[in-house]
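# Examination of the molecular architecture
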Amino acid sequence: MMTTRSTWGSKLGFILAAAGSAIGLGAIWKFPYVTAMNGGGVFILLFLLFSFTLGLAQMVVEFTLGRSAQTGPVGMFGQLAGKAWPLIGLMGIFAGFVLYSFYSVIGGWTIGYLVLALDGSVVTGNTQVLKSIFTGFVAHSYWPILAHAAFVLATLGIVIGGVEKGIERASKLLMPALLLLMLILIARVLTLPGAWDGVKLFFTPDFSKLTPTMAMDALGLAFFSLSLGTGGMIAYGSYLKQQTPVLHSAMWVVGLSCAVAILAGLMIFPALHVFGLDPAAGPGLTFMTMPVVFASLPLGQLWAIAFFALLTLAALTSSVSMLELIATLFLDEFKLPRRPVILLLSLVVFLCGIPASLSFGPWADVTAWGKNIFELMDYSVANVMMPIGGIAVALFAGWRVWPHVAQHCGLAGGALWGLKWSCRVLAPVSIGVLLLKNL
């Protein structure tokens, strides 16, 4: 019965949980190096512009659809439109499943490196040693799989408690802890000689680098960082109480997500400038170059422990939303009990993540279209399924069920008009261009 469905205990709990879903690992390592490669401040301006326009509009729509239907994405499409529309919800859940399967492998790396930081083995200024440690760890036949299992278990432990007692309670602890650790690390980094020059480089716009490609990169990062396109925000919105204002909540989520991305830039980019490190290292920026910074600091091991603890917290705030999204299919459509659903899904995700983990070691030679298993999973979600899902939700809201959206979104006047044409034209065209660019 709908009356027995769980709801968020408070608006703050919902905002922190949704913001945690949006933040994840990408804000910690991806935003700083992508910004550094795309002209600093000008990329930040585009990222913020897209986040607070198209991204915010899409989030309002996903929250509204989930809240009004009081069910996950498959049930929402079926309830509001029927026919073949639930297939869009199924694709989103499948995208979330694939995403969680390889994301939990990276989450396992953060746990593995937290352990290495605790024993001090990664606190060294020798980049060759760090590269050897990283490649040796991810290529090992079983250590990354055990770390992957530990991360899946940690996520399971949170989600199995339900919406209010599990996800919301954990988010109220994890999100403040994440922000506190970031602020402590930023305060320490900004005391380094030359750090403020790095801050200036990070924020100063270089308009000579402004290109259509950069704009597409900013749009893609905005949508990816806000967890839009898989139905995760529809699932979270389905637990919203009817009196909770959607726009206000969405603005807080977008604002927190963008704030953490900027804070991550302040934490990492000045340090890269001070030590002359390469901002284009991607995932290696986190695992192979940041320990160089800690090795040069007093109490370097303590800073390394704090940093990798922060990464683990950031990873968990996203993984819980991925698991909850997958679970809504079985909880809402088949009315199965939460505990066995979460246990079984976690086991399946763990098993499906093993090939992704092995693709850096024993199965490194297993490739297709020039990509290993991990890269294929990542590409299929970020470059294909998420954009298609975003386009489908926008068109669905703007054309198929617009009177319903207009009635339940709580907007009026110019804001409602803007949301309507964002769904009907701006978002589908923009995401469509991004999809074609990435194919």
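What counts, and at which threshold
- Residues numbered from 1 in each chain as written.
- Predicted model: local features only at pLDDT ≥ 70, side-chain atom pairs only at ≥ 80, totals over all residues.
- Heavy atoms only, no water.
- Helix = DSSP H or I, 4+ residues; strand = E, 2+ residues; numbered from the N terminus.
- Contact = heavy atoms within 4.5 Å.
- Buried < 20%, exposed > 50% of the residue type's maximum accessible area, 1.4 Å probe, protein only.
- Bend = angle between axes of the 7 residues up to and from the residue.
- Polar contact = N/O pair within 3.5 Å; in protein donor to acceptor, adjacent residues only side chain to side chain.
- Phe/Tyr/Trp six-rings, centres within 6.5 Å; stacked < 30°, edge-to-face > 60°.
- Lys NZ or Arg CZ within 6 Å of the ring centre and 35° of its normal.
- Salt bridge = Lys/Arg side-chain N within 4 Å of Asp/Glu carboxyl O.
- Axes fitted to C-alpha atoms, helices over the stretch in contact; angles between N-to-C directions.
- Left-handed = near helix turned anticlockwise from the far one by under 90°.
- Nonpolar A, V, L, I, M, F, W, Y, C, P; charged D, E, K, R; others polar.

Turning next to the environment of Val 42. Along the chain, the position of Val 42 falls in helix α2 (residues 41-69). Considering only alpha carbons, one finds Val 42 and Val 61, 19 residues apart in sequence, at a separation of 28 Å. When sequence neighbours within four positions are dropped, the list of residues in contact with Val 42 reads Pro 205, Asp 206, Phe 207, Leu 210 and Met 214.

Here we come to the environment of Gly 194. Positionally, Gly 194 belongs in the loop between α7 (163-189) and α8 (195-203). The exposure class assigned to Gly 194 is partly exposed, which follows from its relative accessible area of 35%. Gly 194 sits 244 residues away from Asn 438 along the chain, and the two C-alpha atoms are 37 Å apart. Dropping the residues within four chain positions of it, Gly 194 is found in contact with His 273 and Val 274.

Further remarks concern helix α15 (residues 373-400). Of all the bends in α15, the largest measures some 35° and sits at Val 381. Taking the backbone nitrogen of Phe 374 as reference, a side-chain oxygen 3.1 Å away marks Asn 372 as the first, capping residue of α15.

Further remarks concern the packing of aromatic side chains. Considering all chains together, one arrives at 27 aromatic pairs under this definition. On the basis of an interplanar angle of 85° and a centroid distance of 5.7 Å, the ring pair of Trp 109 and Phe 134 is categorised as edge-to-face. Taken together, the residues Trp 109 in helix α4 (residues 86-119) and Phe 134 in helix α5 (residues 127-138) connect sequence positions 25 residues apart. Comparing Trp 109 with Phe 134, the two get one shared label, buried. Ring plane angle 50° and centroid distance 5.3 Å describe the contact between Phe 294 and Phe 307, whose orientation is recorded as tilted. Of the two residues, Phe 294 sits in helix α12 (residues 283-295) while Phe 307 sits in helix α13 (residues 300-333), which places them 13 residues apart along the sequence. On the accessibility criterion, Phe 307 (1% relative accessible area) is buried. What links up through ring pairs into an aromatic cluster is the set Phe 102, Trp 109, Tyr 113, Phe 134, Phe 137, Phe 287, Phe 294, Phe 307, Phe 308, Phe 360 and Phe 374. Looking at Lys 371, its charged tip hangs above the ring of Tyr 379, at a distance of 4.7 Å from the centre.

Attention now goes to the pattern of salt bridges. Enumeration according to the criterion identifies 3 salt bridges in this entry. Here Lys 437 makes a salt bridge to Asp 217, at a shortest N to O gap of 3.3 Å. With a gap of 220 residues between them, Lys 437 in helix α17 (residues 413-438) and Asp 217 in helix α9 (residues 212-225) connect regions that are remote in the sequence. Look at Asp 217 and you get partly exposed, because its relative accessible area is 26%. Between Arg 338 and Glu 324 there is a salt bridge; the shortest N-O distance is 3.0 Å. Note that Arg 338 is positioned in helix α14 (residues 338-358) and Glu 324 in helix α13, a separation of 14 residues in sequence. Take Glu 324: its relative accessible area is 0%, and that puts it in the buried class.

Attention now moves to unusual backbone geometry. Phi angles above zero are rare outside glycine, and Ser 227 is one such case at about 60°. For Ser 227, the location among the structural elements is in the loop between α9 and α10 (232-237). In this structure, Trp 369 is a non-glycine residue whose phi angle is positive, near 55°. Positionally, Trp 369 belongs in the loop between β1 (367-368) and β2 (371-372).

This part is about the packing of α2 against α17. Contact geometry for α2 and α17: axes closest at 10 Å, N-to-C directions at 120°. The element α2 and its partner α17 pack so that their crossing is left-handed. The segment α2 lies against α17, with Leu 54, Ala 57, Gln 58, Val 60 and Val 61 engaging Leu 419, Ser 422, Cys 423, Leu 426, Ala 427 and Ser 430. Split by residue class, the contact of α2 with α17 holds 8 nonpolar, 3 polar and no charged.

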